[in-house]
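# Coordinates in review
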Amino acid sequence: MVPTMSGENTVREIGHDEFDPKGTLVLILVYFGVLSVMWVFMYFVEFLGNDLTVLV
Amino acid sequence: MSEQLESGAPTFLDKFPDEAAVVRAALWSSFIALALGAVFGLIQALHRTDVLRLIDSTDYYTVLTAHGVLMVVSFTIFFLVGLFTWATVRSFDRGVESIRYTWTWYGLMVAGTLMAVVAILGGFVPQTDISADVLFTFYAPMQAHPLFYGGLAIFVIGTWLAGADYIWTWRAWAAENPDERIPLQGFMVLTTMLMWYVATIGIAIAVVAFLLPWSLGLFDQINPLLTRTLFWFWGHPVVYFWLMPAYLLWYTVLPTIAGGRLFSDPLGRVVFVLFLLLSTPVGIHHQYVDPGIAEGFKTIAMTNTMFLLLPSLLTAFTVVASVEHGARQRGGTGLLGWLRALPWRNPAFTGMMLAGLMFAAGGFSGMINAGMNINYLVHNTIWVPGHFHLTVGTAVALTLMAATYWLWPQLTNRRLYSRPIGLAQVVIWFVGMGLMSNAMHVQGLFGIPRRTAEPQYEGFDFVASFGSVSELNLQLAIGGTLLFISTMLFVTNIALSAGTPKLSGIGQPLSEPLSTVDDSPEILDNLKLWFGIALVLVVLAYALPLASIIDRGGLLGPGVDPVPMIVEPVAATIEPTLGRLAAAVGSVVP
Amino acid sequence: MNIHNYEKIWLVLSMLLIIGFISTVVYGATAVGIEMVNDEGGTIDSTALDEDDRFSEPRVEKVGEDEYEAYVVARQFIFEPNPIEVPANSTVTFYVTSPDVLHGFEVVGTNANAMVVPGEITELTVEVNEPKEYGILCNEYCGGGHHTMEGKLIVVPEDEFELGDSNDE
Ligand code: HEM
Ligand SMILES: [Cu+2]
Ligand SMILES: [Cu+2]
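Residues numbered from 1 in each chain as written. Chains lettered and ligands numbered in written order. Predicted model: local features only at pLDDT ≥ 70, side-chain atom pairs only at ≥ 80, totals over all residues. Heavy atoms only, no water.

### Description of the overall build of chain B
- Scanning chain B for helices and strands turns up 20 helices and zero strands.
- For 590 residues, the compact-globule formula gives about 25 Å, and the C-alpha radius of gyration of chain B, at 24 Å, lands near that figure.
- Along the first, second and third principal axes, the C-alpha set of chain B runs to 75 × 60 × 45 Å.
- Sequence separation of at least 24 residues holds for 83% of the intrachain contacts in chain B that already meet a minimum separation of 6.
- If you sum the accessible surface of chain B, you get close to 19200 Å²; carbon and sulfur atoms cover 67% of it. (Helix = DSSP H or I, 4+ residues; strand = E, 2+ residues; numbered from the N terminus. Rg over C-alpha atoms; globule rule 2.2 N^0.38 Å. Contact = heavy atoms within 4.5 Å. Areas by Shrake-Rupley, 256 points an atom, 1.4 Å probe, with all protein chains shown as cover.)

### Quick word on helix H12 (residues 309–329) of chain B
Residues and elements named next belong to chain B.
- Spanning 21 residues, H12 covers 31 Å between terminal C-alpha atoms, matching the ideal 30 Å at 1.5 Å per step.
- Taken across its 21 residues, H12 has 19 buried, putting it largely inside the fold.
- Phi turns positive, to about 100°, at Gly 331, one or two residues after H12. (Expected span 1.5 Å × (residues − 1). Buried < 20%, exposed > 50% of the residue type's maximum accessible area, 1.4 Å probe, protein only.)

### So, the domain arrangement of chain C
- If you check the domain split of chain C, you get domain 1 (1–34) and domain 2 (49–167).
- For domain 1 of chain C and domain 2 of chain C, the distance between their C-alpha centroids amounts to 38 Å. (Domains from an automatic or database assignment.)

### Some points on the coordination of the copper ion (ligand 2)
- Protein coordination at the copper ion (ligand 2) comes from His236(B) (ND1), His285(B) (NE2) and His286(B) (NE2), with a distance range of 1.7 to 2.0 Å.
- If you list the donors of the copper ion (ligand 2) from N- to C-terminus, the spacing comes out as H-x48-H-H. (Donors = N, O, S within 2.8 Å, 3.2 Å for Na, K, Ca; no water.)

### Some words on the pattern of salt bridges
- Under the counting rule described, the total for this entry stands at 16 salt bridges over all chains.
- Salt-bridge contacts for Glu324(B) lead to Arg328(B); the nearest nitrogen and oxygen are separated by 2.8 Å. Residue Glu324(B) and its partner Arg328(B) are both found in helix H12; the two are separated by four residues, about one turn of the helix. Note on accessibility: Glu324(B) and Arg328(B) belong to one class, buried.
- With a closest N to O distance of 2.9 Å, Glu61(C) and Arg59(C) form a salt bridge.
- The class of Glu61(C) is partly exposed, set by a relative accessible area of 30%.
- On the accessibility criterion, Arg59(C) (13% relative accessible area) is buried. (Salt bridge = Lys/Arg side-chain N within 4 Å of Asp/Glu carboxyl O.)

### Overview of the coordination of the iron atom of ligand 1
All names here are of chain B.
- Looking at the iron atom of ligand 1, the protein donor atoms are His 67 (NE2) and His 389 (NE2), and they sit 2.0 Å from it.
- Considering all six donor atoms around the iron atom of ligand 1, the spread of angles at the metal, 86 to 179°, places the coordination shape in the octahedral class. Residue His 67 is located in helix H3 (residues 60–92), and its partner His 389 is located in helix H15 (residues 383–412); the two are separated by 322 residues in the primary sequence. Each member of the pair His 67 and His 389 is classed as buried. (Tetrahedral: all angles 85-135°; square planar, octahedral: opposite > 155°, others 65-115°.)

### Observations concerning empty space enclosed by the protein
Residues and elements named next belong to chain B.
- Under the counting rule described, the total for this entry stands at ten cavities of 30 Å³ or more.
- Its boundaries defined by the atoms lining it, the second largest cavity holds a volume of some 120 Å³.
- Lining of the second largest cavity is provided by Val 69, Val 73, Ile 77, Phe 136, Phe 138, Phe 148, Leu 152, Phe 155, Val 156, Trp 196, Ile 203 and Trp 234.
- The set of elements that each furnish at least two residues to the lining of the second largest cavity consists of H3, helix H5 (146–176) and helix H6 (184–215).
- Considering every element that reaches the lining of the second largest cavity, the biggest residue donor is H5, with four residues.
- Of the residues belonging to the lining of the second largest cavity, the class tally is twelve nonpolar, no polar and no charged. (1 Å grid on protein atoms, 1.4 Å probe; cavity = no way out; pocket = protein on both sides within 12 Å on 5 of 7 lines; lining within 4 Å. Points joined across faces, edges and corners; volume = space filled by probe spheres on them. Nonpolar A, V, L, I, M, F, W, Y, C, P; charged D, E, K, R; others polar.)

### Overview of the nonpolar core
- Formed by 268 residues in total, the largest nonpolar core has its most connected members in Trp86(B), Phe138(B), Phe148(B), Phe94(C) and Phe105(C).
- The greatest single-element share of this core, amounting to 22 residues, is contributed by H3(B).
- Residue contributions to this core reach at least three from each of two domains, namely domain 1 (1–34) and domain 2 (49–167) of chain C.
- When near neighbours in sequence (up to four residues on either side) are disregarded, Phe105(C) contacts Val72(C), Phe79(C), Phe94(C), Val96(C), Ala112(C), Asn113(C), Ala114(C), Val116(C), Leu124(C), Ile136(C), Leu137(C) and Asn139(C).
- Core analysis: the second largest hydrophobic core is formed by seven residues, Phe55(C), Tyr71(C), Val73(C) and Tyr95(C) among them. (Core = buried A, V, L, I, M, F, W, Y, C linked by side-chain atoms within 4.5 Å.)

So this is what it looks like as structure tokens:
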């Protein structure tokens, strides 16, 4: 086992404390936004806007 | 430059030649199933869109049964046992306890698959009475040949023994290393197999107690809602059983390929424990629009299902962060500019990333499927296959193929035949699935049904709110064709790799996590505890619904009479005792 | 266990998402009043539908002012009655069952979509408005002729509606 071996293309070793996944945070926030908007669209427009909803 | 520069390290094959042979055999079984499944998939994609109809529409259902079973039972699960054998042996760093035992469970799985496949393909041969045109869900009272149910049972027994093999290795290791934490891959294998033991209770009861004896003629009535519910008891967790190999690869192999390290080992463990706990008590979400099940039970299943999103959402973060770590170690900078620093020419990397991207989309349609009442909109429409071709059909399938490009050299000491073809293959899959799945989702919203040879009706037309049905049909057919081409490229590439020269020292050690297991509480590794809680949750979720279904319809069917016993000659000679048992059960049922 | 702050943010957002989804569904169930098909339709002996006065003669019946019940049999590979005729601006409850295998009951392009299981009666209530013709199809595989299994729901103008129309055939 080579403990930190991470490929030949490594130009610098980044340890746990020096790493903040900023890009990941941005991507995941975008995903959150997409999910929320799409959910609202699907539920309120596609579903509730549809004909013959089963009611009590 | 190249990600495959020789590291000088030994490969898995160098260290564990016997185990490598089993892994290769399991992977080959998986690829054969994939290739056959792709042929059937292509036929379906062309047939139901009326682009090209090579077969009779009645035979469409034989094809569809074969596609479903080959893909989601054989392809995925054979890969899983191969990968898990590799991961267990690799992470505990010790061979299996008995290689004969290992070959035994593999042999059982092959035998079971062959039995089921013969029963299914018999559907094409009108001269035999063997057939199993029941689709991979085999809802009673549709009946398949006993060979089909028998094959499934033997296959599942094979997987149980495989699980026991991993546990055996773990216990042997633990005896020698009493104070060590379970290595991450081993942990993932073990939690997944424990989940499998919980999940398969449902299918085992459905098949062994009801469907198999019923197909042998030991009794002639059955409670369709009961066997259907037992099917879905297993049918949801099996989804995670398909997915966990992909997660294992994303957590433990992808970071290394990206040039980084896993962001957090403890969170990976938490995620797998959550899957063990929550995968099973949710199956009723496949029955949101079923009669005979109270709305309260459906609501409970929905709530559990929604919380089951959590481990996947956490995984998205952890995996992307690990990749970002790799990109930054490779010199990537900027808020998003690091994306350019990643090894996009490596088919293993690109394939897994594209698979993950499609999983994000599939995650969304899954959230819709999970939302109890919105299920009226999509239930049993082609939207649903649109969804799961993104999840199992891509997040899993594409990850497994991509990972093979990395893993195969470790198992054979040979390079991949062609990396550029591999790269093209994963991209073609992505494009093909983008087209096919998009068309399926949109068509589903028009109400176009799944599992239908000719979704064209005499009395009405589907109303397209955007695009047109024929345009979407074409999109679906083109997508399906690309997928077929991609599959063939993959299988050919792997087969041709056998002809490349033998190398030594091409081992690829995996990088250590950034946050290691030492940061996590020991209780995480208490597998007995989690297994126990998982069982309790299942009892809580299923005891009342099952009791109510049995109370309504009886154990053996909703007929008036207390189950007439019709024992056919074959059955009478094989299993007379079982027959009497069934009669006894029948007589106590109202 | 140390969890990165960003991951904590994401954990909180994920929980919000999950709770948001559940709340939407609960809103649909309560404020909008959407009901799931459930166990209230009751059970039936699927081998003896002809002994049940609802399903021996599949039909539409008037049960109250602007309230109708449709007794529908889904069998390999037809729906009975066909077409199902109901008057505009009424509340219709479908009772659907099967004498053979599982079927689906989908009024095409609408939210009326449910499973039909032998031995069980699927009950679903919808409100129909203007006169309109809908297709009905079976969306659960039920055998070699599954793709031919279709029917019609015709919402006729109130003044043209006559009971018994639908079981003429
Ligand atoms: C070669 C690429 C593939 C093509 C062209 C393809 C095509 C299709 C099509 C058109 C259907 C819908 C049939 C219908 O409902 O009428 C279908 C169903 C299905 N596919 Fe695929 N597929 C492919 C790959 C996969 C993969 C990789 C998996 C899983 C690992 C998969 C699993 C399934 C399952 C489970 C069904 C549903 C079967 C059923 O309804 O009983 N497919 N496929
Ligand atoms: Cu599910
Ligand atoms: Cu059908």
